[in-house]
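Remarks on the overall topology
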Amino acid sequence: MHCNKFERLVSALYRCTRSAVCGAARSGVCGAAVRGQRSVRLQRSAAVWSPCQTASCHFSTGASSKNTVDPDEVRRFQSLAGKWWDEQGEFAALHAMNDLRVPFIRDNLLNVHRARHPGKPLAGLRILDVGCGGGLLTEPLGRLGATVVGVDPVEDSIYTAQLHASYDPDVRDAVSYQACTLEELMTEGEEEQGAGQFDAVVASEVVEHLADLETFAFCCSHVLKPGGSLFITTINKTNLSYALGIVVAEQLLRIVPSGTHDWEKFISPEDLERLLESNGFSVQSVQGMLYNPVSGAWSWTNSTAINYALHAVKLSDDPQPGRAEESGPHPEHHGAATHS
Ligand SMILES: C[S@@+](CC[C@H](N)C(=O)[O-])C[C@H]1O[C@@H](n2cnc3c(N)ncnc32)[C@H](O)[C@@H]1O
């Protein structure tokens, strides 16, 4: 029931946003649910995103003025923005991944923060979900009691996320969404959600879609409190990940829409660890994940050759950008630590 109702609303929303009177419609019924969130910098067309229209990244610490957006990626996710909550559709594997990533995030946070509210173990924690898409991970984290801010540059994905959350009383007060990138968020409200405001940052299946990982790592560190956690899930850069992640998953089985991934943008756990450590993080664990296309289920595995989850902790205040070159030999990779 809920699902059908939601799908009808999403398709109505899409008819609305794609119509020639889109601008007018958005200030009416269609826009009502999201109007409050769209006050900043959302005048840009989501259909063809232009980096020129974003605020530049005025990092006070002087990291760079780069941004993380690859316009082709944004265009690709724009075309899928109405499909996030179809559990059998293009994002089925992401729905299933919640079985691993939600407990991974919850348990690692509970190692540091004592649960104070029965049934809401993450109550009192503020989490930023970067590249939240339709809110598939944002919502369960909100249901666990955290206050979660989801950001994504694809405006229509944010509409979908907001609309979906608005129908669930358990999550609608816990989650909020903004159509922007992390670097935009960082420059927008220093007092509210700028430096050191979050207990955790989550970027699940996102880093392989970014144009600039160095900027991303810097921004993650900037918005986290010292001691805060960064959770990343992504795809390793191996021959196996090319064969299974692109050839099998995209081209043969079509579990993921064709063209979703660019192998060149994949990153090994070792390189990601090096990047994070040069931005003030200490990597705590790296664990392999395996998707079974027959059962549609994920499981933990000792091998990080295809997918992996990483947990890192921000050591202190903002890093000095570019410390990577000075940081000496790369520490030994953790391998697939046992999931706690
Ligand atoms: C594979 S989806 C993952 C969505 C969500 N994290 C999940 O797991 O359900 C990748 C998401 O990254 C978003 N994305 C692409 N470029 C981005 C950027 N520069 N900053 C933040 N998000 C971005 C896309 O719009 C898309 O929603």
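The preceding data block contains the structure.
All residue numbers here refer to positions counted from 1 along the written sequence of the relevant chain. Note on the predicted model: pLDDT of at least 70 is required for a residue's local features to be given, and 80 or more for side-chain atom pairs to be given and counted; whole-chain, interface and lining totals, by contrast, use all residues. Heavy atoms throughout the structure, all of them, feed into the side-chain values; hydrogens and water do not.

The local shell around the ligand holds 19 residues, among which Thr68, Arg101, Gly131, Asp152 and Ser204 are the closest. Taking Thr68, its side chain carries an N or O atom lying 2.8 Å from a nitrogen atom of the ligand. The term polar contact refers here to a pair of N or O atoms within 3.5 Å; inside protein, the definition further demands a hydrogen-donor-capable atom paired with an acceptor-capable atom, and it admits residues adjacent in sequence only when both atoms are side-chain atoms. Between the ligand and the protein, one listed contact pairs an oxygen atom with a side-chain N or O atom of Asp152 at 2.6 Å. Class assignment for the residues of the shell around the ligand results in 11 nonpolar, 5 polar and 3 charged. Consider each residue's heavy atoms; a residue with any of them within 4 Å of a molecule or strand counts as near. Amino acids outside the nonpolar list (Ala, Val, Leu, Ile, Met, Phe, Trp, Tyr, Cys, Pro) and the charged list (Asp, Glu, Lys, Arg) are all regarded as polar, and Gly is one of them.

Here a pair means two rings of Phe, Tyr or Trp (six-membered ring of Trp) with centres within 6.5 Å. Their orientation is stacked below 30 degrees between planes, edge-to-face above 60, and tilted elsewhere. For the structure shown, the criterion picks out 5 aromatic pairs. Centre to centre, the rings of Phe77 and Trp84 are 6.3 Å apart; their planes meet at 10 degrees, and the pair counts as stacked. One exposure class covers both Phe77 and Trp84, and it is buried. For the ring pair Trp84 and Phe91, a centre distance of 3.8 Å and an interplane angle of 5 degrees mean the geometry is stacked. Like Phe91, Trp84 is buried. Among the aromatic side chains, those forming a connected cluster through ring pairs are Phe77, Trp84 and Phe91. The buried label goes to any residue with under 20% of its type's maximum accessible area, the exposed label to any with over 50%, and the partly exposed label to all in between, with areas taken from a 1.4 Å probe on protein chains only.

Our next topic: the environment of Lys120. Along the polypeptide, Lys120 turns up in the loop between helix H5 (92-110) and strand E1 (126-130). As for Lys120 and Leu144, which are separated by 24 residues in sequence, their C-alpha atoms are 4.7 Å apart. Those residues in contact with Lys120 that lie beyond four places of it in its chain are Arg143, Leu144, Gly145 and Asp170. From its side chain, Lys120 meets the backbone oxygen of Arg143 in a polar contact 3.3 Å long. Secondary structure elements follow DSSP: runs of H or I no shorter than four residues count as helices, runs of E no shorter than two count as strands, and numbering proceeds from the N terminus. Note on definitions: a residue-residue contact is assigned when non-hydrogen atoms from the two residues lie within 4.5 Å.

Before going further, it helps to examine the sheet that holds strand E6 (residues 281-292). Should DSSP find at least two bridges between two strands, the strands are regarded as paired. Read across the sheet, 8 strands follow the order E3-E2-E1-E4-E5-E8-E6-E7 without closing on themselves; strand pairing throughout is mixed. Every interior strand has two partners, whereas the edge strands, strand E3 (175-178) and strand E7 (297-301), have only one. Direction aside, neighbouring strands of the sheet carry axes that sit 20 degrees apart on average. Here 5 bridges tie E1 to strand E2 (residues 147-151), and the two strands are oriented parallel to one another. Paired with Arg126 across the two strands is Thr147, which belongs to E2. Working convention: axes come from line fits to C-alpha atoms, limited for helices to the stretch in contact. Angles between N-to-C directions cover 0 to 180 degrees. Here helix H11 (residues 213-223) sits on the sheet and contacts E1, strand E4 (198-204), strand E5 (224-235), E6 and strand E8 (307-314); the angle it forms with E5, its principal contact strand, is near 145 degrees.

Bringing unusual backbone geometry into the picture now. Backbone geometry places Glu205, a non-glycine residue, at a positive phi of 60 degrees. Positionally, Glu205 belongs in the loop between E4 and H11. You can call Glu205 buried: its relative accessible area is 13%.

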